[in-house]
Amino acid sequence: MKGFLIQVIVLILLNIPVKVCYSGNEFVLPADSVLTLTEAFKYMGDHLGWKLFYPPVFADSLSPESSVRPDDWQNYFQQIQQKYDLYYYADTTLNMLIFTHAYQLRTRLPFGFFEPSTIQDESIDIASLELEKQMDEVDIKKDDFEGRIFEIGPKTQTLRAGRASIAGYIRDKDSGEPVIGALVYIEEPRIGTTTDQFGYYSFSIPRGRNTLILQSVGMKETRRQIILYSNGQFNVEMEEAIVPLKEVIIEADRETHVRGVQMGLDKLSVQTIKQMPLALGEADIIKSILTLPGVQTVGEAATGFNVRGGSVDQNLILVSEAPLFNPAHLFGVFSSVNPDIVRNVELYKGGIPAQYGGRISSVMDIQLRDGNKKKFTGNGGIGPITGRLNLEGPIVEDKASFLLGLRSTYSDWILQRLPEADFRNSSAGFMDANARLSFDLNENNSLFINGYFSDDRFRLRSDSLFNYNNYQTSVQWKHIFSNKLYAVFSGIFSRYTYNIESDAAPETAFDLGYRIDNHQIKADFSYFPSSGHKIDFGVSSILYDLRPGSFLPRGENSLVQPRSLNMEKGLETALYAGDRFEISDMVSLYVGLRYSFYQQLGPANVYTYADGATRDQSTITDTTRYGNWQTAQTYHGPEYRMSLNIGLDASSSIKIGYNKMRQYIHMVSNTQAISPTDIWKLSDTHIRPQVGDQISLGWYRNYRFNTIETSVEAFYKNMNDVLDFKNGAVLVMNELLETDVINGRGKAYGIEWMIRKRAGKLNGWLSYTYSRSLIRVAGAFASEIINRGEWFPSNFDKPHDFTLVSNYKFTRRFGASGNFTYSTGRPITYPLAIYDFAGSPRVHFSDRNAFRIPDYIRLDLSFNLEGNHKVDKPAHGSWSFSLINALGRANVYSMFFVTEGGRINGYTMSIFARPIPTITYNFRF
Amino acid sequence: MVKKLIYIFQFVALALVNMACLDSFLPESKDFDDLLVVEGKITDLPESNLIRISRSRPLNEPAADFPVQNAVVRIVEDGTSGHQLSEVSPGLYTTNSDVFKGRVGAEYVLHIFLPEKQKNYISKPVRIRQTPPIENLYFEFKEQFVGGAEAPVQGYDIFLDTSDPLGNSKFYRWEYHETWMVNAFFNSYLEFVDNEIRSRTVDISVCYPTSRSTQLLLGTSLNLSEDKIRRQRLAYIDNRTRRLSMAYTMLVRQYVLSPESYEYHRQLQQITENMGTLFDPQPFELVGNMVCEEDPDERVLGYFDAVSVAEKRLWIRRSDVLDFRIPGASFCQADTVPLSGVGEHIRLNFSEVFGEFMPGIYLLAPRSCVDCRNFGPAIRPDYWE
């Protein structure tokens, strides 16, 4: 009886239309003719006295051929079961038959549903487990994984008490791609872990019968019954939640917000990024990152972003582990990473784990998808300026896959709209291409190969060409030594170059080039020694090779003196180890140490400058030459990392984080916004590494069953030896850069509030940040002092920052998004007086960054219309309409003064000065 | 090269013009910095050299600098012989060309004493370098779009070539002085004086407006294997002005600067003329080579320089160039007015008599169509060919 009730409840819950047939008219079973299923049911009801429950639509359309007549109904249904995926449950006491299609009603609750398993501490008779398994597996369908019981580890006669480790991959059933950040846990005792970037999990649980529960965003929750004999591997495929019935959507991260020890980490899924209003038709990772608290930018046409008061070069941007030196296309209007191939973006703002190093402010880890391992698919889109196409599919089914992404401008849409004919004759364009190959060599070895290339070019008045490129290649080999230990070995190459060709006059035609190469090898180990600990350790070595500038004649008539700056070489090596462990149910701790070691390598000429004088060409007293590979200067130091989570109750916690970072490569820029011609410079005898310390404190609380997350995080950051520049310095082709560089100190502090609703028709977040970012430059000489050596606001000091990101789904096919941003205007240097010189009045500037441009306010809207949701359509299309800057406010990007025609004119420049509508068509197949 | 980059960035800024916009605004004055400004140079020409001393003014102050009067200004040559300058007009001090002339190779220091403030200002020593002659001064036709105009503007680029075979010059600066001839649209032989029409005594149909360069013109051969400057653009003269309607001449002065002086002028150009790109460098306080002896931290604006001069004159005649339509010509329409109405017509319409239509009835037209002195003096300069 209990079983029946449960079945009925299940049927109601699943909302399956059920037709109940009562006894009715006399019905004679026609001999030798094919019956429809409805007729068969009717016959059984009328003649055999069953009460029948079945899905009517299904039954109407079928005429099963069976050699057996429904008189012998059990045989009849056994024959057609396989063909039509039809199941029944017979309750003989109630004379009731319930038919189901495609799934089977289970009449027993899973083992241990009401009573927690007590197998932890006693050994269990294997035979009884076996028996239970056999009993459970009666009538279980072949691909009903939830009903089956899996045996893990070599089978033993008796089951020892204690724990064993279980590890494996969680993959998407349709594409074979890893599911990252999925929560894998057992409920009794409550032990869980999350999958890493490879979809790999490993943890220790009590031996014996367990139910693994798996949850992830956008995936159906699934369970696996297992018998864990000893350490073993167990891979699970999760299904995408395409048309979920009335089920609760569970977010993978719902608990990590409060429970995880990590703080200062923001994750954006590519779905979130794509929901945001698109500027000029491109979903944009960096523009999305800017909506997070603590992340700011100088303006709408600025390359890069600023995290918690740090400069742009203090962010390590990793694309599949390879550093990306220029993340912008078209000088900051677009990001150079194609969002279609991205799986996940993580931004570490504080509490940075020990495996990351090399930049002092943040780490942005962009993980790419692996490509579909099951079938060939693709997607693409067409916007006003760009077109995209991505293809993916298996090379060997379930074993190897490829992913190709291509994006390119196809029109000079912007240039066509220019008033100046000179510019109409110019061209501007960019493209980027990604390729990724993933191989599962065997169950313990996987191999990943990545390639990336981006190209930006501008031709100006057909006499000069500006061009910049990013290149990346990386090979990663993941090897599982045992359930408790795996390693990833990576070889990474990354390059950034830019080039300017000019033919304006034959005598002065030139070719200017810059190049930075980054060669890296590293090994990262993850060790799961026993429950509650996760230890990461590894070693990394980066060889930098810079050609900081070459200036060459172009053409036979050019008089340009060929000039090349000396190459720069440096080796950055680091060792790290970190342990994430749970001290108790309520307290978890991460401690890590990274020790980094930097060598400036020859060939190098190191100049000695006279003591007591400002560095200058004229104060050089000595030159030391270092041969190839000879060490000219070394720097090294420990980098401490710590995070502590103290749970207050089930839904709130306090976290404390500290990290120290060292940075040996610096971007040299004296512009207010970062430009693509800014150069990277290695630490050397005169340019010390930047060292940053950050301490942060946060309070986290979830409401409404973890659907609403709130947090408050405060931070204080100190930055030593940040680079600033003497006034008027020319940084391109500068042989003695150290003479124009000043070491400064930076500090930043702030407090970030955030409320986020992850699920539901209306989702999004609201954040407010109050923060300051200040710099102090007080050198020994007048030219090395800025603003009298007092603290002054950095270029990106915007104290108030308010962001609202919201998405609303009207129907399954139609949704709208709105982003609203308010921030204080950035600091600028403003003139304080006018004087006449050389025939014109001119402005005189005083203190740097003493004034501000007007506040920034922008609202972006977008509407997304999906095609219909038939799963088996050959191609799916969707339309996206966006309206950038819907308020039409001409937000000031810069304010400047120009002496022209004998007068001073003041101007404000706005980038998106009025509402800009765009339409994009996206498709996938 | 830096300039090239700037072009590129301006291009990007303009590339975004469809979305982007540039609004001019009236700067408001924040905390005012009242500073001493010194501008002037010693040349090797047989003429008096000017040193202008003034104070800076607030941002919204339209007038010229506040002149600093009664200063004691001296120039010391090679640390020995001094020469006192005299104030010819408020804040403007000149050398006596009869007794003082700059000399190539000599070193000069400017001394300023302000009796009111009891302060001495002294320049860093400046040495006069030899300036090579201007090799070539020429013009080329160019059509370009300016602003958001529908039709292109037509005009002429003026270019300069120079070189120093010895390779000592490297840093160049140019200034120019231009003069052009304009004709009144109506040639006037009558004038209206004391309610009477009479023959005109002064010819007002041909005038010679002049103008000076207002932008800093700098060039360097530092990156080149030879000390050569090619196709240095000095100006663009287009058909929106009357410069090319009759005849035009430009006198170019070339100076060779010291590296320090070049650097000062380049930075000044950078922060006052080349702003407005997407990637503007951080502007900053720029001080020149004058120091206050009593207070070394006092900032003094401007620069004292000493240069030798090479001059060259360029002529562009009407026959050399396209026949430009004179701007504003359609505005020049004549009215016929009886003698009794002439006075009132002149008063109400700012017009001028230029001829007799029939006895007692006179031809009048807007003043700018009759009197070319609206544009410049009607005195033919002595260098006019």
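Residues numbered from 1 in each chain as written. Chains lettered and ligands numbered in written order. Predicted model: local features only at pLDDT ≥ 70, side-chain atom pairs only at ≥ 80, totals over all residues. Heavy atoms only, no water.

What follows deals with the sheet that holds strand 26 (residues 351–358) of chain B. All names here are of chain B. With antiparallel pairing, the three strands of this open sheet are ordered in space as 25-27-26. Of all the strands in the sheet, just strand 25 (335–338) and strand 26 have a single pairing partner and so form its edges. When strand polarity is set aside, the average angle formed by the axes of neighbouring strands in this sheet is 40°. In this structure, strand 26 lies alongside strand 27 (residues 361–366), joined through six bridges in antiparallel fashion. Of the residues in strand 27, the one forming a bridge with M358 is I361. Its contacts with the sheet put helix 3 (residues 339–349) on strand 25, strand 26 and strand 27, and the angle it makes with strand 25 is roughly 130°. (Pairing = 2+ DSSP bridges. Helix = DSSP H or I, 4+ residues; strand = E, 2+ residues; numbered from the N terminus. Axes fitted to C-alpha atoms, helices over the stretch in contact; angles between N-to-C directions. Contact = heavy atoms within 4.5 Å.)

Residue and element names in this part refer to chain A. Taken as a whole, chain A shows an average pLDDT of 81; of its residues, 83% reach a score of 70 or greater. Here residues 110–124 scores under 50 on pLDDT; set against residues more than four positions off or in separate chains, the count is 20 contacts. With pLDDT under 50 throughout, residues 243–254 is counted as low confidence; its partners more than four residues away or in other chains account for 23 contacts. (pLDDT = per-residue confidence, 0-100.)

Within the secondary structure layout, T100 of chain A lies in strand 4 (residues 96–101). C-alpha separation for the pair T100 of chain A and Y54 of chain A, spaced 46 residues apart in sequence, amounts to 6.5 Å.

As a further point, take unusual backbone geometry. Residue and element names in this part refer to chain A. Residue G602 is joined to P603 through a cis peptide bond whose omega torsion reads 5°. With respect to the element layout, P603 can be found in the loop between strand 36 (587–601) and strand 37 (604–609). A positive phi is found at R308, a non-glycine position, where the angle reads about 45°. Mapped onto the fold, R308 is located in the loop between strand 18 (306–307) and strand 19 (315–319). The exposure class of R308 is buried, given its relative accessible area of 1%. Its identity is not glycine, yet S320 carries a phi of approximately 50°, on the positive side. Here S320 lies in the loop between strand 19 and strand 20 (322–323). Judged by relative accessible area, S320 falls into the buried class, the value being 8%. (Buried < 20%, exposed > 50% of the residue type's maximum accessible area, 1.4 Å probe, protein only.)

Attention shifts here to the pairing of strand 20 (residues 228–238) of chain B. On a regular strand, each side chain points to the face opposite its neighbour's, so the side chains alternate between the two faces of the sheet. Residues and elements named next belong to chain B. The buried count for strand 20 comes to eight of eleven residues, which makes it a mostly enclosed element. Note that strand 13 (residues 153–163) and strand 20 share eight bridges and pair antiparallel. What sits directly across from G155, in strand 20, is D238.

Attention now goes to the packing of aromatic side chains. Residues and elements named next belong to chain A. One pass over the structure, following the stated rule, counts 45 aromatic pairs over all chains. When the centroid spacing of 5.5 Å and the interplanar angle of 90° are considered together, the rings of Y830 and F897 count as edge-to-face. Of the two residues, Y830 is situated in the loop between strand 50 (827–828) and strand 51 (831–837) and F897 in strand 56 (residues 894–900); the sequence distance between them amounts to 67 residues. Residue Y830 is classed as buried on the basis of its relative accessible area, which comes to 3%. Overall, the relative accessible area of 2% leaves F897 in the buried class. (Phe/Tyr/Trp six-rings, centres within 6.5 Å; stacked < 30°, edge-to-face > 60°.)

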